[in-house]
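A closer look at the structure
Listed below, chain by chain, are the residues.
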Amino acid sequence: FALVLPLVLVAVILLLSPELVLGKYAGREFSFEERVLTQGRLLWRYVGWILLPNIVSLGFFHDDIPYSTGLLSPLTTGLALLAWAGVTIAALRLRNEYPLLLFALLFYLVGHAMESTIVALEMVFEHRNYLPATGLFLLVSVALFQLAPRLRWLRPRVFLAVAFIVLSAQLFLRTQAWQDQTSLARFNVVNHPASPRANFYYGRTLFDRLGRAGELGLDAEEQKDLAIRSRAHFLHMHRLAPRDIPAIVMLYQLDTLNFPTLAEENDWLGRVADLAQTKRISASDRGALAVLIAFSRTPPGEPNLPRVESILERLVARYPRSLDLVTLHYRVMASKPGADQDMLRAHLLEAAGQRNRNRLLYAYLVQRHGCLLYT
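First, a word on scope: everything that follows refers to the structure included in this document. (Residues numbered from 1 in each chain as written. Predicted model: local features only at pLDDT ≥ 70, side-chain atom pairs only at ≥ 80, totals over all residues. Heavy atoms only, no water.)

Focus: the environment of Leu100
Among the secondary structure elements, Leu100 is positioned in helix α5 (residues 99–111). For Leu100, a relative accessible area of 24% translates into the label partly exposed. The spacing of Leu100 and Leu138 is 38 residues in sequence and 8.6 Å in space, taken between C-alpha atoms. (Helix = DSSP H or I, 4+ residues; strand = E, 2+ residues; numbered from the N terminus. Buried < 20%, exposed > 50% of the residue type's maximum accessible area, 1.4 Å probe, protein only.)

A word on helix α15 (residues 283–296)
Along its 14 residues, α15 runs 20 Å from first to last C-alpha, staying within 8% of the 20 Å computed at 1.5 Å per residue. Residues Asp285, Ala288, Leu289, Leu292, Ile293, Phe295 and Ser296 constitute the buried set of α15. Projected down its long axis, α15 shows its buried positions confined to an angular sector of 160°, all on one face. Residues of α15 that are buried make contact with α12 (245–258), α14 (268–278), α16 (305–318) and α17 (323–335). (Expected span 1.5 Å × (residues − 1). Arc of directions from axis to C-beta. Contact = heavy atoms within 4.5 Å.)

Examining the pattern of salt bridges
Where side chains of opposite charge bring their charged atoms close, a pairing between them can arise. Tallied over the full model, the rule gives eight salt bridges. For Glu122, the salt bridge identified is with Arg197, shortest N-O distance 2.8 Å. Residue Glu122 is located in the loop between α5 and α6 (133–147), and its partner Arg197 is located in helix α9 (residues 196–211); the two are separated by 75 residues in the primary sequence. Among the residues examined, Glu122 registers a relative accessible area of 23% and is labelled partly exposed. (Salt bridge = Lys/Arg side-chain N within 4 Å of Asp/Glu carboxyl O.)

What to know about the packing of α15 against α16
The description of two helices packed together rests on the angle between their axes and the distance between the axes. For the pair α15 and α16, interaxial distance at closest approach is 10 Å and the crossing angle is 150°. Taken together, α15 and α16 sit at an angle that is classed as roughly antiparallel. Here the hand of the crossing between α15 and α16 comes out left-handed. In this structure, α15 uses Leu289, Leu292, Ile293 and Ser296 to contact α16, whose residues at the interface are Leu305, Val308, Leu312 and Leu315. (Axes fitted to C-alpha atoms, helices over the stretch in contact; angles between N-to-C directions. Parallel < 35°, antiparallel > 145°, perpendicular 65-115°, else oblique. Left-handed = near helix turned anticlockwise from the far one by under 90°.)

As structure tokens, then:
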């Protein structure tokens with residue numbers, strides 16, 4: 001019943017209100033089918049992280065895991081789903097003799113039911129394992145102590161002592177990686193070199209360090225090294241995920257500030273403009289656009305402010321109900337020399353009216369102009 005009930009609820013939701021679920025995938029680069037198929041493989045990976053923890057494979061980012069586009073793409077997709085069906089059938093048949101097996105399986109699967117099924121969340125995160133792991137740990141513990149009398153060589157206390165030492169050593173190594181932002185970012189990218197986010201995180205850490213060169217007392221050679229290494233990781237992210245805007249924005253900033261020849265050779269803003277017409281804009285993309293606007297308000301980026309405004313106009317036209325994009329567009333308009341305050345206020349009032357008198361837009365209007373003019 002515990003296993004069937006979530007499946008029935010999913011089916012009911014999809015039948016009665018499919019848009020409630022499927023509509024959320026508009027902001028993702030994967031489809032509903034790809035997410036559901038991929039989760040079958042990921043649930044086995046979660047089991048591996050529980051029973052055989054490995055700090056090399058664990059980390060913040062797991063966007064280097066390929067999506068499943070079909071039952072045989074990759075082949076492990078179909079095998080994973082068959083394995084889950086087999087384990088479930090076996091647990092049901094053995095429920096009278098080994099009830100804990102069925103309990104642990106159901107506890108694990110139901111624990112993952114919200115975040116590892118149809119909801120359009122990120123594909124994978126380690127913290128989703130925290131509660132579901134309880135069932136598997138209970139199963140392993142009970143099995144260990146029940147098998148001990150039958151297997152003379154099995155000593156639960158010795159096993160637990162060894163496990164404690166190994167896990168403590170891994171915890172010590174993990175804390176060393178977390179001692180500061182730079183070492184953590186380096187740890188992630190070394191262990192997940194094919195992760196776009198790990199490369200971005202490390203590149204951004206180096207870029208921020210470069211921005212504090214004066215505070216840190218870095219000489220010209222050290223600054224050049226930081227700029228080169230930072231650019232290498234942003235470029236690697238761009239090659240891994242060419243449709244992600246954050247890496248392009250950072251490459252635009254770096255080249256403009258440090259590599260003028262590369263800035264001329266690579267029209268990074270042109271690539272952002274192309275993506276603005278077709279890409280599903282994610283939260284990270286909106287964050288990158290905010291960074292782009294902030295840079296465009298500085299002397300090095302100000303010459304390209306009209307191009308940035310054009311990009312935001314396209315995005316607002318595609319996402320007319322996006323509060324984030326409307327406010328970003330306003331910030332670009334307000335950055336233009338001699339911007340007319342009455343025109344800016346009228347723009348926000350019109351935008352709020354088009355969005356059914358959105359209260360958040362009115363609050364933004366009060367914040368920026370100190371008053372409201374109702375018509």
